[in-house]
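# Coordinate analysis (summary)
Spelled out from the first residue to the last, the chains are:
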Amino acid sequence: QVQLVESGGGLVQAGGSLRLSCVASGRGFSTYAMGWFRQAPGKEREFVATINWSGGTTYHADSVKGRFTISRDNAKNTVYLQMNSLKPEDTAVYYCAAEASGRGARSMSVYDYWGQGTQVTVSS
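Throughout what follows, the structure given in this document is the object of discussion. None of the values given here were measured: they were computed from a predicted structure.

Let us look at the sheet that holds strand β8 (residues 78-83). Read from one edge of the open sheet, four strands run β1-β3-β8-β7, paired in antiparallel fashion. Looking at strand neighbours, the two that pair on one side only are β1 (4-7) and β7 (68-73), the edges of this open sheet. Strand-to-strand twist across the sheet, computed as the mean angle between neighbouring axes with direction ignored, equals 15°.

Counting buried residues along strand β4 (residues 33-39), six of its seven residues qualify, which places the element largely inside the surrounding structure. Bridge count between β4 and strand β9 (residues 92-99): seven bridges; the pairing is antiparallel. Its bridge partner being in β9, Gly 35 is matched across the sheet by Ala 97. Pairing between β4 and strand β5 (residues 46-51): five bridges, direction antiparallel. Note on β5: the bridge partner recorded for Trp 36 is Ala 49. Counting the residues between successive antiparallel strands, the hairpin from β4 to β5 contains six residues, one of them, Gly 42, with a positive phi of roughly 75°.

The subject of this paragraph is the side chain of Glu 6. Assignment of secondary structure puts Glu 6 in strand β1. This buried residue, Glu 6, is left without a salt bridge; Arg 45 holds the nearest opposite charge, at 7.6 Å. A distance of 2.8 Å separates the side chain of Glu 6 from the backbone nitrogen of Gly 117, its partner in a polar contact. If we skip the residues at most four places from it in the chain, Glu 6 touches Ser 21, Cys 22, Trp 36, Tyr 94, Tyr 95, Cys 96, Gly 115, Gln 116, Gly 117 and Thr 118.

The next subject is the pattern of salt bridges. Within this structure, the stated rule accounts for four salt bridges. A salt bridge links Asp 90 to Arg 38, with the shortest nitrogen-to-oxygen separation between them at 2.9 Å. In this pair, Asp 90 sits in the loop between β8 and β9 while Arg 38 sits in strand β4, placing the two residues 52 residues apart along the sequence. Between Asp 90 and Arg 67 there is a salt bridge whose closest N-O contact spans 2.8 Å. Residue Asp 90 is found in the loop between β8 and β9, and its partner Arg 67 is found in the loop between β6 (58-60) and β7; the two are separated by 23 residues along the sequence.

At Asn 77, a position not held by glycine, the phi torsion is positive, near 55°. Tracing the chain through its elements places Asn 77 in the loop between β7 and β8. The phi dihedral of Ser 85 falls on the positive side, at around 50°, and the residue is not glycine. Ser 85 gets classed as partly exposed once you look at its relative accessible area, which sits at 42%.

In this structure the tally under the stated criterion is one disulfide. In this model Cys 22 forms its disulfide with Cys 96; the gap between the sulfur atoms is 1.9 Å. A torsion of 50° about the S-S bond marks the disulfide between Cys 22 and Cys 96 as right-handed. Taken together, the residues Cys 22 in strand β3 (residues 18-24) and Cys 96 in strand β9 connect sequence positions 74 residues apart. Since its relative accessible area comes to 0%, Cys 96 is described here as buried.

The rules behind each value
Residues numbered from 1 in each chain as written. Predicted model: local features only at pLDDT ≥ 70, side-chain atom pairs only at ≥ 80, totals over all residues. Heavy atoms only, no water. Pairing = 2+ DSSP bridges. Helix = DSSP H or I, 4+ residues; strand = E, 2+ residues; numbered from the N terminus. Axes fitted to C-alpha atoms, helices over the stretch in contact; angles between N-to-C directions. Buried < 20%, exposed > 50% of the residue type's maximum accessible area, 1.4 Å probe, protein only. Lys, Arg positive; Asp, Glu negative; His and termini not counted. Salt bridge = Lys/Arg side-chain N within 4 Å of Asp/Glu carboxyl O. Polar contact = N/O pair within 3.5 Å; in protein donor to acceptor, adjacent residues only side chain to side chain. Contact = heavy atoms within 4.5 Å. Disulfide = S-S within 2.5 Å.

As structure tokens, then:
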């Protein structure tokens, strides 16, 4: 069993920045790919970014490319999402997820474990 706990959400003005963190339990973190997804009120959950087991490969959704950056620190069992130039349309609950293959993915269906989510609200 893997437990993921997100933190770092909050209220921020448009144009501002936040850094989300996701801490994993256990000792297998360095073997997992990690992803970030988000869900706004009344909308389906959508892919944001993914990172492979080593951190050597990343992929970001077009909607956040150039503004958000996913990274990881395997020594701390933590994955991050640095969010810059935030827009009101970024308002959502952000979820981290872990995938056992370690290669990374954009589809929710391949992720094995999910965190509880953290709220990000961007004011206009």
